[in-house]
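Residues per chain, in single letters:
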Amino acid sequence: MNYFFIPQREGLLPTSQLLQLLRTHWPDAQVEEALSPDDNHALEFSIPMKHSRVYGSLKRGGDAVVFIGDLRDCAEFALCCQRILPSGERATLCDESMSGSIDLDATTTLADILRAFSS
């Protein structure tokens, strides 16, 4: 299932910041920047994590990250994305069917996310 990390305001996830997060937090991640300005995605990534491999991409313009993997790993990834947003900014984590959704802020925990998607 695809998950979406969507900041409340567009442009809050610059490619450079997500790239730095991926390379710093997950040095084994494979990351490919899209060179063509016509590409819908600014970068694509694959992260080896504890329960799965998380595959995803950052939409050009920094307004959303789309990713797939085990929910526990995707929740951890979303929390890391939340940390690179400017202080006080919120984001939404949802699945493609909108059967699971949670607003994220600096106080959101992994348990909060797992609870929101358990129904």
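Residues numbered from 1 in each chain as written. Predicted model: local features only at pLDDT ≥ 70, side-chain atom pairs only at ≥ 80, totals over all residues. Heavy atoms only, no water.

Participant: Please clarify how the pattern of salt bridges should be interpreted in this entry.
Facilitator: Oppositely charged side chains can pair when the atoms bearing their charge come close. All told, the structure shown has four salt bridges when counted by the stated rule. Residue D105 is joined to R90 by a salt bridge in which the shortest nitrogen-to-oxygen separation is 3.0 Å. With a gap of 15 residues between them, D105 in the loop between β7 (101–104) and α3 (110–116) and R90 in the loop between α2 (71–83) and β6 (91–95) connect regions that are remote in the sequence. You can call R90 partly exposed: its relative accessible area is 30%. (Salt bridge = Lys/Arg side-chain N within 4 Å of Asp/Glu carboxyl O. Helix = DSSP H or I, 4+ residues; strand = E, 2+ residues; numbered from the N terminus. Buried < 20%, exposed > 50% of the residue type's maximum accessible area, 1.4 Å probe, protein only.)

Participant: Can you help me understand α2 in this one?
Facilitator: Every α-helix winds through 3.6 residues per turn, so residues three or four apart in the chain are directed the same way. Between the first and last C-alpha of α2 there are 18 Å, a value that for 13 residues agrees with the 18 Å anticipated at 1.5 Å per step. Within the span of α2, buried status applies to D73, C74, A75, F77, A78, L79, C80, C81 and Q82. Between the side-chain oxygen at the start of α2 and the backbone nitrogen of R72 there is a gap of 2.8 Å, and the oxygen is on D70. (Expected span 1.5 Å × (residues − 1). Polar contact = N/O pair within 3.5 Å; in protein donor to acceptor, adjacent residues only side chain to side chain.)

Participant: Can you help me understand the sheet that holds strand β4 (residues 53–59) in this one?
Facilitator: Across a sheet, paired strands are connected by hydrogen bonds in the backbone, their directions being either parallel or antiparallel. Overall, antiparallel pairing links the seven strands, which are arranged β2-β3-β4-β5-β1-β6-β7 in an open sheet. Single-partner strands in this sheet number two, and they are β2 (30–33) and β7. When strand polarity is set aside, the average angle formed by the axes of neighbouring strands in this sheet is 15 degrees. As paired elements, strand β1 (residues 2–7) and β6 share five bridges and run antiparallel to each other. Bridging across to β6, Y3 finds its partner in D95. On the sheet, helix α1 (residues 15–25) packs against β2, β3 (41–48), β4 and β5 (65–68) and is oriented at approximately 10 degrees with respect to β3. (Pairing = 2+ DSSP bridges. Axes fitted to C-alpha atoms, helices over the stretch in contact; angles between N-to-C directions. Contact = heavy atoms within 4.5 Å.)

Participant: Mind showing me how you'd approach the packing of α1 against α2 here?
Facilitator: How two helices sit against one another is set out by the angle between their axes and by the gap between those axes. Viewed as axis vectors pointing N to C, α1 and α2 meet at an angle of 125 degrees, and their least axial separation amounts to 11 Å. One way to sum up the angle between α1 and α2 is to call them oblique. Every pair of crossing elements has a handedness; the one defined by α1 and α2 is right-handed. Within the contact between the two elements, α1 uses L18, L21, L22 and H25 and α2 uses E76, F77, C80 and C81. Looking at the contact of α1 with α2, its residues break down into six nonpolar, one polar and one charged. (Parallel < 35°, antiparallel > 145°, perpendicular 65-115°, else oblique. Left-handed = near helix turned anticlockwise from the far one by under 90°. Nonpolar A, V, L, I, M, F, W, Y, C, P; charged D, E, K, R; others polar.)

Interpretation in functional terms is not warranted from these geometric data alone.
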